[in-house]
Amino acid sequence: MTTTQLITQIRKKKSFLCIGLDVDLQKIPKFLLETDDPIFEFNKAIIDATHHLAVAYKPNTAFYEAYGIKGWQALEKTIQYLNTNHPEIFTIADAKRGDIGNTSSMYAKAFFEDLAFDSVTVAPYMGKDSVEPFLAFQGKHTILLALTSNQGAFDFQTKIIADKEVYKHVLETSKTWKNSENLMYVVGATKASFLGEIREIVPESFLLVPGVGAQGGNLQDVCKYGMTDNIGLLINSSRGIIYASTEVDFASAAAKKAAELQSQMTAILEA
Ligand SMILES: O=c1ccn([C@@H]2O[C@H](COP(=O)(O)O)[C@@H](O)[C@H]2O)c(=O)[nH]1
């Protein structure tokens, strides 16, 4: 999906909500554990109940890898279900990959060609030759970790090297890489106060913003400092939506939570 198509969907749905599909078998309703593929059945029910409210879904691959081959097959079925039934939805593999060049090429092939995700999250720590193999895929998006939502972000990302914070080096340097137009960035909702400076470096880029809801980030603050004329934001909520209820009404409870966020987004877009 192109960025223009994503913006069109955001304007149509009046939503820049991304729903995180972080499936934990300990948290899903017990009756689903009796089905052949509880992870996929959970995702399908969540997608069916919420797809009109969201423009993106983000399975975090850790939650699938943790369940071995069955988990990976459930991830395959989930992305196939989205691509077949909702081709207008932007899909994000939250895999946080990145390695030496030939290995990164294989990661990129796995997520962009085999699984056919629109985007994948990538760690910038190994530098240009670890990221450019992802950027080489036209029509796909590489979402680089810039300033993450967790407390540990202050261990390295905000440290100053050569007069500037490390995350600013990530933003500035990555803009010089080949096919950098395929870049988006992760910035945590808990770091909203940094968004003004981030926008000075990447005024137009889309930002994937996790950390509202369970991690305490504030939607209004993120939009105040991070929104562009083309919106430029995908706000992710995972646990706050998908585990709104762990009973038989889980899908409708998720839809209710998603609708609350979507209506706040509509209000911001129409203000
Ligand atoms: O900086 C980051 C980068 C990624 N994440 C991921 O986003 C979701 C957040 O889940 P919630 O339940 O809404 O807190 C999860 O998959 C994280 O691994 C992040 O939180 N922060």
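The shown structure was predicted, so the numbers you read here are calculated from the model rather than taken from an experiment.

**So, the site of the ligand**
The local shell around the ligand holds 19 residues, among which Asn 60, Thr 148, Pro 210, Ser 238 and Arg 239 are the closest. When residues of the shell around the ligand are traced back to their parent elements, those giving at least two are β10 (233–237) and α11 (239–242). In terms of residue class, the shell around the ligand is built from three nonpolar, 13 polar and three charged.

**Observations concerning helix α8 (residues 166–174)**
When we look at burial in α8, the residues that qualify are Tyr 167, Lys 168, Val 170, Leu 171 and Ser 174. In a view along the axis of α8, the buried residues occupy a sector of 155°, so they form one face of it. Tucked inside the fold, the buried residues of α8 contact α6 (128–135), β5 (141–147), β7 (164–165), β8 (183–187) and α9 (195–201).

**Some thoughts on the UniProt feature "active site" (unreviewed entry) in the chain**
Mapped onto the present numbering, the UniProt feature "active site" (unreviewed entry) falls at Lys 96. Looking at where Lys 96 falls in the secondary structure, it is placed in strand β3 (residues 90–97). Overall, Lys 96 belongs to the partly exposed group, with 16 C-beta atoms counted inside 10 Å.

**Section: the pairing of strand β9 (residues 207–210)**
Burial along β9 is two-sided: the residues Leu 207 and Val 209 and Leu 208 and Pro 210 are all buried. Note that β8 and β9 share two bridges and pair parallel. Directly across from Tyr 185, in β9, lies its bridge partner Leu 207. The β-α-β motif built from β8, the intervening α9 and the parallel element β9 has right-handed crossover chirality. Here β9 pairs with β10 via four bridges, running parallel. When the bridges of β10 are listed, Leu 208 appears paired with Leu 234. Between the parallel elements β9 and β10, the chain passes through helix α10 (residues 219–226) in a crossover that is right-handed.

**Observations concerning unusual backbone geometry**
Of note, the phi angle at Lys 96 is positive, near 50°, even though the residue is not glycine. In this model, Ala 162 sits at a positive phi of 50°, which is unusual for a non-glycine residue. Looking at where Ala 162 falls in the secondary structure, it is placed in the loop between β6 (160–161) and β7. By C-beta crowding, Ala 162 is classed as exposed, having 6 other C-beta atoms within 10 Å.

**Some words on the sheet that holds strand β4 (residues 119–122)**
Overall, parallel pairing links the eight strands, which are arranged β1-β2-β3-β4-β5-β8-β9-β10 in a closed barrel. Averaged over all pairs of adjacent strands, the angle between strand axes in this sheet comes to 30°, irrespective of strand direction. Relative to β4, β3 runs parallel, the two being bridged by three bridges. The residue of β4 that forms the bridge with Arg 97 is Val 122.

The rules we used
Residues numbered from 1 in each chain as written. Predicted model: local features only at pLDDT ≥ 70, side-chain atom pairs only at ≥ 80, totals over all residues. Near = placed C-beta within 6 Å. Helix = DSSP H or I, 4+ residues; strand = E, 2+ residues; numbered from the N terminus. Nonpolar A, V, L, I, M, F, W, Y, C, P; charged D, E, K, R; others polar. Buried ≥ 20, exposed ≤ 12 C-beta atoms within 10 Å, placed from the backbone. Arc of directions from axis to C-beta. Contact = placed C-beta atoms within 7 Å. UniProt positions renumbered as here; feature names shortened; annotations may be inferred. Pairing = 2+ DSSP bridges. Right-handed = clockwise from strand over helix to strand, strands pointing away. Axes fitted to C-alpha atoms, helices over the stretch in contact; angles between N-to-C directions.

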